[in-house]
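# Examination of the molecular architecture
Spelled out from the first residue to the last, the chains are:
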Amino acid sequence: GVLVIFGATGDLAQRKILPALARLERDGKLPKTLQIVGVARRQEHDDASYRQWAAGAISQGPDDEANALLPRIYFQSIGDESSERFQALEARLKELERKHELPGPRFYYLALPPQSLQHTVLSLGHSQPGTRGATRLVIEKPFGHDLDSARRLNQMLHQRFDESEIYRIDHYLGKDTVQNLLVLRFANPLLESVWNRDRIESVHLLVAESLGVGSRADYYDRNGALRDMVQNHLTQLLSLVAMEAPSSMLADAIRFEKAKVLRAASLDLEDSFFARYQRAGETPGYLEEKGVSEDSRTETFVSLKLQIDNWRWQGVPFYLSTGKRLPQRLTRIRVKFKRAPVCLFESMGTCMLSSNVLDINLQPDEGFEMHIDVKVPGSPMRLQSIPLAFQYASRFDLMPEAYETLLLDVLKGDQTLFVHAEESELSWSLYAPLLEQTQRKLLDYPAGSWGPEDAALHLAL
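Residues numbered from 1 in each chain as written. Predicted model: local features only at pLDDT ≥ 70, side-chain atom pairs only at ≥ 80, totals over all residues. Heavy atoms only, no water.

### A few points about the overall build of the protein chain
Across its full length, the protein chain holds 15 helices and 15 strands. Here the C-alpha atoms of the protein chain give a radius of gyration of 24 Å, agreeing with the 23 Å that 2.2 N^0.38 yields for 461 residues. Dimensions along the principal axes, computed over C-alpha positions, put the protein chain at roughly 85 × 50 × 45 Å. Long-range contacts, defined here as pairs at least 24 residues apart, represent 75% of the contacts in the protein chain between residues at least 6 apart. With an accessible surface of roughly 21,500 Å², the protein chain has 50% of that area assigned to carbon and sulfur atoms. Where the 54 positive side-chain charges of the protein chain centre and where its 62 negative ones centre are 1 Å apart. (Helix = DSSP H or I, 4+ residues; strand = E, 2+ residues; numbered from the N terminus. Rg over C-alpha atoms; globule rule 2.2 N^0.38 Å. Contact = heavy atoms within 4.5 Å. Areas by Shrake-Rupley, 256 points an atom, 1.4 Å probe, with all protein chains shown as cover. Lys, Arg positive; Asp, Glu negative; His and termini not counted. Charge placed at Lys NZ, Arg CZ, Asp CG, Glu CD.)

Put into C-alpha cells, the structure is as follows:
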C-alpha cells in the first residue's frame, strides 16, 4: 500500500513519524511493498530534496536507517488545496500503485492542525472512488475543543469514512508501559483479586512536566492543562486502570469496557484545583512566557477528584493531576491500599503501619514498585515501608517508541490502541461542567514546586 503523510514537512513528521518509520524498516517490520508519499502545501521539495530533508530527520540513528527507507519516499505538493491539486495527488498515488503493483489499502496520516482537517478529509473522500480496499485514516489529537466540536468532527469524519477506518492517535496508548497495565491486572490474579473498593483506598494518576510551555504558547494558551492533558491522556489511563476484564483482547471488547468506565465517572466540582506557575528565581512565570496573552486565564496545573459509580469502585476516589514547571518529569499511577484493620504490634511499642502502595511508573524509569511494611532489625520493634521494585531497563532491551507501535498497528489494521468516537465524546462530556465554568478560581504555585498546597492530597507524594 501507500502511506500518505499530510503535513510532511512539519514538526511531528520530522521528530516522530519519519524516525519511527526508519526504525521499523531497520527492524524488518515494514511491509516490503509500502511506499511513502509526503504531502505539503508549499512546493518546497521534489522527490530528491525531500529525501534529503527526511534523511536529516532520521539522522539521530545509524546511517543505514535512513539509507534503507529513503528509496521508498516521494513528495507531492497540494498548493492551494484546490480540487485540481487533490486530483493531481490522486493521479500520483495511482501511478505509484501501478508502478509498484501495490495491493491493500491506502494509509492517510493527517499530521495537520485542526483547522485543516475538514477540507482535507472531505477532499480525500471525494477523491476515493471506493473500488479499492479499505482506507485507513490516522488523526492526531486534539479531537475537538469541547463536546459540541468533538461531535461535529466525528460527524464530518463519518461522512466520508467508516469508524472502522479511523485511527485517532493518543500517543500515550502506544507506550509499552501503558499496555502493560492490562497485563499487570488481567494476567496476575493476585492483583486483580484486590483491585476493588474492598481493598483500595484511593487511586492517584499524575502526569508531571518539568518544562514550561516553550514554543507551544500559542496553542497552549488557547487550551490549558485540562484540554491538553486531562481530557485525553489522563482519561485514557483512568479507563485502563478502572475497566472490567474484557471478553477478549480485541479492539471492540476493550473499547466497550473503557466506555463503561467513562459513563460511570463523575466529577467532584468542589474538590478541583486550577493553578498556573509563577516566577521562581530565574525561571519565568507563565504570563512572562513568549506568546502568552498578558490577560490570560489559562491554567498550567489542574487536579481533579472523580468517582466511578459502579459495583467495583463505589466510594474510591480517583485523583487526576497534571502540571507544567513541576520538580520533575514523571507519569505515575499510585494505588493506595487500605491499612490493616487492627494494629497487632501496639503492645510491642509501635503502631506506625503504612498503607501498601503500588506505584506504576510509565515514564521515566519505567517499571513498578510495591511498598510493604517490614521489621527493622533489632529492638525496639520498628516498622519501615520498603519497595519491591521492577524496572524494565534492568530486564529488557530498549522498548519501542510509542509511534513505532502505533504506526505498525495502523499498517496491521489493529484499532486496539486507538480512541473510538464514542470514547472521545464521553470524555468531553465528563469534563463539560468544568469547561463551562466562566469564573474559575485560579491559584498560583512557584515554578519548580509540586503545585498549589491545596492540591497536595490529590498528588499523594
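And the narrative resumes.
### Some details on the pattern of salt bridges
Charged atoms that come close allow side chains of opposite charge to pair. Evaluated as defined, the whole model comprises 26 salt bridges. Here lysine 305 makes a salt bridge to aspartate 268, at a shortest N to O gap of 4.0 Å. Here aspartate 268 lies in strand β8 (residues 265–278) and lysine 305 lies in strand β9 (residues 301–308), a separation of 37 residues in the sequence. Under the relative-accessibility criterion, aspartate 268 is labelled partly exposed at 26%. (Salt bridge = Lys/Arg side-chain N within 4 Å of Asp/Glu carboxyl O. Buried < 20%, exposed > 50% of the residue type's maximum accessible area, 1.4 Å probe, protein only.)

### Comments concerning the sheet that holds strand β4 (residues 106–110)
Here six strands make up an open sheet; going across it, the order is β3-β2-β1-β4-β5-β6 and the pairing parallel. Whereas interior strands pair on both sides, the edge strands pair on one side only; in this sheet they are β3 (73–77) and β6 (166–169). Shown here is a sheet whose adjacent strand axes are inclined to one another by a mean of 20 degrees, direction ignored. Of the strand pairs in this sheet, strand β2 (residues 35–40) and β3 are connected by five bridges, and their pairing is parallel. (Pairing = 2+ DSSP bridges. Axes fitted to C-alpha atoms, helices over the stretch in contact; angles between N-to-C directions.)

### As for the confidence of the model for the protein chain
For the protein chain, per-residue confidence averages 89 on the pLDDT scale, and residues scoring 70 or more make up 95% of the total. Scored below 50 in pLDDT, residues 129–133 makes five contacts in the model with residues more than four places away or belonging to other chains. (pLDDT = per-residue confidence, 0-100.)

### A closer look at the sheet that holds β8
As summarised here, the arrangement of the nine strands in space is β14-β13-β12-β11-β7-β10-β9-β8-β15, forming an open sheet in which the pairing is mixed. For this open sheet the edge positions go to β14 (383–391) and β15 (443–446), each flanked by a neighbour on one side alone. On average, each strand axis in the sheet is tilted by 20 degrees relative to the strand beside it, whichever way the strands run. Taken together, the six bridges between strand β7 (residues 200–208) and strand β10 (residues 318–323) define a ladder with parallel strand orientation.

### Re the packing of helix α10 (residues 224–242) against helix α11 (residues 251–264)
In helix packing, the relevant descriptors are the interaxial angle and the interaxial distance, both defined with respect to the helix axes. At a closest axis distance of 9 Å, the pairing of α10 and α11 adopts a crossing angle of 105 degrees. Between α10 and α11, the interaxial angle falls into the category roughly perpendicular. Contact residues: Thr235, Gln236, Leu238, Ser239, Leu240 and Ala242 in α10; Lys258, Val261 and Leu262 in α11. Across the contact of α10 with α11, the residue classes tally to five nonpolar, three polar and one charged. (Parallel < 35°, antiparallel > 145°, perpendicular 65-115°, else oblique. Nonpolar A, V, L, I, M, F, W, Y, C, P; charged D, E, K, R; others polar.)

### So, the packing of aromatic side chains
If you walk through the whole model with that rule in mind, you get 14 aromatic pairs. Ring geometry for tyrosine 167 versus phenylalanine 418: centroids 5.0 Å apart, planes at 85 degrees, classification edge-to-face. Residue tyrosine 167 is located in strand β6, and its partner phenylalanine 418 is located in the loop between α13 (402–412) and α14 (421–435); the two are separated by 251 residues in the primary sequence. For the pair tyrosine 167 and phenylalanine 418, a shared accessibility class is recorded, and that class is buried. A centroid spacing of 5.4 Å and a plane angle of 40 degrees characterise the contact between phenylalanine 368 and phenylalanine 390, whose relative ring orientation is tilted. On the criterion of sequence distance, the pair formed by phenylalanine 368 in strand β13 (residues 367–375) and phenylalanine 390 in strand β14 is long-range, its members being 22 residues apart. Residue phenylalanine 368 is classed as partly exposed on the basis of its relative accessible area of 23%. According to the relative accessible area criterion, phenylalanine 390 is partly exposed, its value standing at 22%. (Phe/Tyr/Trp six-rings, centres within 6.5 Å; stacked < 30°, edge-to-face > 60°.)

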